[in-house]
Amino acid sequence: MNQVAVIIHKSPFNTLRNSEGLRMAVGLTLEEDNRVTVIFVKDGVYLIGNVTPEKIQSGTIKKHLEALRLLGHRLVVERESMEERGIEGPSVKADVLSRAEVVKILSEANRVIPWQ
Amino acid sequence: MNKKLGILLTTSPENENTHTVLRLTETALAEGKQVEIFLMCDGVYHLNDARLEGLTQKGAKVVVCAHNCLERKVERKPFVLWGSQYDLAVLIKESYRFLSFN
């Protein structure tokens, strides 16, 4: 199994970049040996808040998140980043983990893609 | 042993990533490694960069996300494979080292 971690750390406001990063993450699942974990840290945690894409010009977000989850891949949100920004909980099913646990996932991954 | 270096490039040609990718690819090719570059997002604008075509003449393989090319009205070029995200998924699995430049 090829463990692939995609890190989303930029704000989704007024950019299509995060939407493209999530589209890429969905695409990575097309190779059946790839096990994808998308990790939201820093301002990236706004993606899993209750955002309305058409109001913030962010492109497609939820469709990609739901596709990843339905395909059995993993969404992870860093707890400290959520707390710093006052986000109470993810709007989609995701694992809320500590910074130390996120570091462990990254250290065990075969591939890490920091998405900016 | 597979010695393919995989590179993801998503930034446009004026970004400093372009220089890094060009030099890395040249060095890897000179050492006998295979190099495959996947272009997506604004990275597809490199199809208009003659330096990238030069790398393919030295042996590098370049694949683009056709979806992003169509969005940006970037024309198809003979030196690249008109690909999809599936090509990136396979590259990530098959390459012995993978570098992303975002």
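Sequence order as written defines residue numbering, which begins from 1 separately in each chain. The order in which chains are written sets their letters, starting at A; the order in which ligands are written sets their numbers, starting at 1. Note on the predicted model: pLDDT of at least 70 is required for a residue's local features to be given, and 80 or more for side-chain atom pairs to be given and counted; whole-chain, interface and lining totals, by contrast, use all residues.

1. So, the interface of chain A and chain B
Here comes step 1: Opposite the 15 residues of chain A that make contact, chain B presents 13 residues.
Here comes step 2: Those elements that place two or more of their residues in the side of chain A that touches chain B are strand E1 (2-8), helix H1 (17-28) and strand E5 (111-115) of chain A.
Here comes step 3: Residues are grouped as follows: Ala, Val, Leu, Ile, Met, Phe, Trp, Tyr, Cys and Pro are nonpolar; Asp, Glu, Lys and Arg are charged; every other residue, Gly included, is polar. A per-class count over the side of chain A that touches chain B returns 7 nonpolar, 4 polar and 4 charged. A pair of residues counts as a contact when their C-beta atoms, built from backbone coordinates, are within 7 Å of each other. Helix numbers and strand numbers start at the N terminus; a helix is a DSSP run of H or I with at least 4 residues, a strand a run of E with at least 2.

2. Section: helix H4 (residues 85-94) of chain B
Since the α-helix advances by 3.6 residues per turn, residues separated by three or four positions end up pointing in the same direction.
Here comes step 1: Buried, partly exposed and exposed are defined by the number of other C-beta atoms within 10 Å of a residue's own C-beta, namely 20 or more, between the two limits, and 12 or fewer respectively, with C-beta atoms placed from the backbone. Judged by how many residues are buried, H4 of chain B sits mostly within the fold: 7 of 10 residues are covered.
Here comes step 2: If you check which residues of H4 of chain B are buried, you get Gln85, Asp87, Leu88, Ala89, Val90, Leu91 and Ile92 of chain B.

3. Digging into the packing of H1 of chain A against H4 of chain B
Here comes step 1: Remark: H1 of chain A packs on H4 of chain B, axes separated minimally by 8 Å, with the N-to-C direction vectors making an angle of 65°. Crossing handedness for the pair H1 of chain A and H4 of chain B: right-handed. Contacts from Met24, Gly27 and Leu28 of chain A of H1 of chain A reach H4 of chain B at Gln85, Tyr86, Leu88, Ala89 and Ile92 of chain B.
Here comes step 2: Of the residues in the contact of H1 of chain A with H4 of chain B, the class split is 6 nonpolar, 2 polar and no charged. Every axis in this analysis is a line fitted to C-alpha atoms, fitted for helices over the stretch in contact. Angles between the N-to-C directions lie between 0 and 180 degrees. Two helices cross in a left-handed way if the nearer one is turned anticlockwise from the farther one by less than a right angle. They cross in a right-handed way if the turn is clockwise.

4. Quick look at unusual backbone geometry
Residues and elements named next belong to chain A.
Here comes step 1: Residue Lys42 is not a glycine yet carries a positive backbone phi of 50°.
Here comes step 2: Relative to the helices and strands, Lys42 is located in the loop between strand E2 (34-40) and helix H2 (53-56).
Here comes step 3: The phi torsion at Gln57 lies on the positive side, around 55°, for a residue other than glycine.
Here comes step 4: Residue placement: Gln57 occurs in the loop between H2 and helix H3 (62-70).
Here comes step 5: Residue Gln57 is classed as exposed on the basis of its C-beta count, with 12 C-beta atoms lying within 10 Å.

5. Considering H3 of chain A
All names here are of chain A.
Here comes step 1: Residues of H3 that are buried: His64, Leu65 and Leu68. Summarising the axial view, the buried residues of H3 lie within an arc of 100°, below the 170-degree limit, and thus occupy one face.
Here comes step 2: At its buried positions, H3 is contacted by H1, E2 and strand E3 (74-78). The arc in question is traced by the directions running from the helix axis to the C-beta atoms.

6. Remarks on the pairing of strand E5 (residues 97-101) of chain B
Residue and element names in this part refer to chain B.
Here comes step 1: Alternating positions in E5 separate cleanly, Phe98 and Ser100 being buried on one face and Arg97, Leu99 and Phe101 remaining unburied on the opposite face.
Here comes step 2: Any two strands are treated as partners once DSSP identifies two or more bridges connecting them. Of the pairings in the sheet, the one linking strand E1 (residues 4-9) to E5 comprises 5 bridges and is parallel in character. By the bridge assignment, Leu5 is partnered in E5 with Arg97.

7. Structural notes on the nonpolar core
Here comes step 1: If you look at the biggest cluster of nonpolar residues, it comprises 56 residues, and the most contacted ones within it are Val6, Ala25 and Val38 of chain A together with Ile37 and Leu39 of chain B.
Here comes step 2: Residues in contact with Leu39 of chain B, not counting those within four places in the same chain, are Leu9, Val44, His46, Val62, Val64 and Cys65 of chain B. A set of buried Ala, Val, Leu, Ile, Met, Phe, Trp, Tyr and Cys residues, joined to one another through C-beta atoms within 7 Å, is what we call a nonpolar core.

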